[in-house]
Amino acid sequence: MRIGIIGAMDEEIALYMEAMEQTTKTVKAGITYYAGVMEGKEVVLCKSGVGKVNAAVTTQILIDTFQVERVIFTGVAGAVHPDLNIGDIVVSTDCIQHDIDVSPLGFAPGQIPFTEQWIWSADQDLIQQAIDAGKELDAGIQVVSGRILSGDQFVASREKVQWLHEQFQAHCTEMEGASVGQVCAMNGVPFVVVRSMSDKADGSAHVNFAEFTKLASERSYAIVRNMLKATSQDAGVIVYSTKNCVDCNLVKEWLKAKGISFEVRDVMTSRAYQEEVERFGFMGVPVTVVGDKAVKGYAPSELEELVGSK
Ligand code: ADE
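Residues numbered from 1 in each chain as written. Predicted model: local features only at pLDDT ≥ 70, side-chain atom pairs only at ≥ 80, totals over all residues.

## Re the overall build of the protein chain
Then step 1. Helix and strand content of the protein chain: nine helices and 14 strands.
Then step 2. In terms of overall size, the protein chain behaves like a compact globule, its C-alpha atoms giving a radius of gyration of 21 Å where 310 residues would be expected to give roughly 19 Å.
Then step 3. When the backbone C-alpha atoms are referred to their principal axes, the protein chain occupies close to 70 × 45 × 35 Å.
Then step 4. Across the protein chain, contacts joining residues at least 24 apart in sequence account for 72% of those joining residues at least 6 apart. (Helix = DSSP H or I, 4+ residues; strand = E, 2+ residues; numbered from the N terminus. Rg over C-alpha atoms; globule rule 2.2 N^0.38 Å. Contact = placed C-beta atoms within 7 Å.)

## As for the sheet that holds strand β12 (residues 262–266)
Then step 1. One open sheet holds the four strands; their spatial order is β12-β11-β13-β14, and the pairing between them is mixed. With partners counted over all chains shown, the strands left at the sheet margins are β12 and β14 (293–296), one partner each. Taken pair by pair, the neighbouring strands of this sheet meet at an average axis angle of 20°, ignoring direction.
Then step 2. In this structure, strand β11 (residues 237–241) lies alongside strand β13 (residues 287–290), joined through four bridges in antiparallel fashion. Bridged to valine 237 within β13 is valine 290.
Then step 3. Contacts between helix α7 (residues 246–257) and the sheet are confined to β11, β12 and β13, with β11 contributing the most and set at about 160° to the helix.
Then step 4. With respect to the sheet, helix α8 (residues 271–279) is in contact with β11, β12 and β13, its orientation differing from that of β11 by roughly 105°. (Pairing = 2+ DSSP bridges. Axes fitted to C-alpha atoms, helices over the stretch in contact; angles between N-to-C directions.)

## Quick word on the site of the ligand
Then step 1. With respect to spatial proximity, 14 residues lie near the ligand, and among them Gly78, Phe154, Val155, Ala201 and Ala205 are the closest.
Then step 2. Within the residue set of the shell around the ligand, elements represented by two or more residues are β5 (70–79), β9 (172–174), β10 (191–199) and α6 (205–233).
Then step 3. Sort the elements by how many residues they give to the shell around the ligand and β5 lands first, with three residues.
Then step 4. Partitioned by chemical class, the residues of the shell around the ligand number nine nonpolar, three polar and two charged. (Near = placed C-beta within 6 Å. Nonpolar A, V, L, I, M, F, W, Y, C, P; charged D, E, K, R; others polar.)

## Some points on the pairing of strand β6 (residues 89–97)
Then step 1. For β6, the tally of buried residues reaches seven of nine residues, placing the bulk of the element in the interior.
Then step 2. Inspection of the sheet shows β6 paired to strand β8 (residues 143–150) by seven bridges, in the parallel sense. Directly across from cysteine 95, in β8, lies its bridge partner isoleucine 148.
Then step 3. Of the pairings in the sheet, the one linking β6 to β10 comprises three bridges and is antiparallel in character. The residue bridging valine 90 from the neighbouring strand is arginine 195, located in β10.
Then step 4. In this structure, β6 lies alongside strand β7 (residues 120–121), joined through two bridges in antiparallel fashion. Across the sheet, the residue bridging to aspartate 94 is serine 121, located in β7. (Buried ≥ 20, exposed ≤ 12 C-beta atoms within 10 Å, placed from the backbone.)

## Concerning the pairing of β5
Then step 1. The buried count for β5 comes to ten of ten residues, which makes it a mostly enclosed element.
Then step 2. Alignment of β5 against β10, held across eight bridges, turns out to be parallel. What sits directly across from phenylalanine 73, in β10, is valine 193.
Then step 3. With two bridges joining them, β5 and β9 adopt antiparallel strand pairing.

## Quick look at the nonpolar core
Then step 1. Counting residues in each nonpolar core, the largest one holds 65 residues, and the members touching the most others are Val44, Val71, Ala130, Cys172, Val180, Val192 and Val194.
Then step 2. The greatest single-element share of this core, amounting to nine residues, is contributed by α6.
Then step 3. Aside from chain neighbours lying at most four places away, what touches valine 194 is Ile72, Phe73, Thr74, Ile89, Val91, Ala130, Ser220, Ile223 and Val224.
Then step 4. Listed in part, the 14 residues of the second largest apolar core include Cys248, Val251, Val290 and Leu303. (Core = buried A, V, L, I, M, F, W, Y, C linked by C-beta atoms within 7 Å.)

Okay, structure coming up:
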């Protein structure tokens, strides 16, 4: 499962850059994508730049060019819910563009005209993984799920923040999440946004943002890292194979005989699957994978060790 991870600013992706291994770099539409491995998971990391257009382009490229199957946005936000403090975490239940306003034509603020859909729901499994990952953070840091707003504006006024809360029942505001959510929904790719509060989007927001962005970025990173770690731990068995390969069938029969369930990835059907195999340093199939470990060919004693490590 390849996961796209997006941050808007250098601070938001810095710790991922340090943690990633086997990284390869590709530049597309002016954005640099780092494909590699983190906590045993295949990830593609990038800095989208600030704002909804940057985030939308970046997300579409992650999906089209890198075939990511999940997208996580990581970063900082301004708190909108009055109970939130700087450093607290919001995991998106859904996202709305708060700055789209066609109200003179009778549409609600935030509503995209001539369509029913303008609230972008995050994936339930990813939400749960993020909330669970948050349980490992220090007590005192609130980790809540709630609505995240996005707009092409840095919100820094008490009146505006109150309006956002009343109008949208939102938890926080930032500048990218809803466009990531929309692009993911348009492509059928599950997503979640994980934001830590750098400020309260009020009159002090610009000062607090400068002071707390590093801390807040570290907190979002901690959640996403824990999510990746947890999903690696319950990683299933994947058999990269082709239909008519004798050794592939031997591996599958061997797993079946042991009662071990597994996912088959036919490398003839997807360039992405071929690349996944190559990333383990192998050219042919079968390749059997659990987390970040792989066994080439039909080798029962090695397979025994591999599935034992699960
Ligand atoms: N990101 C962090 N704080 C923000 C704010 N107050 N407004 C918009 N985006 C933000």
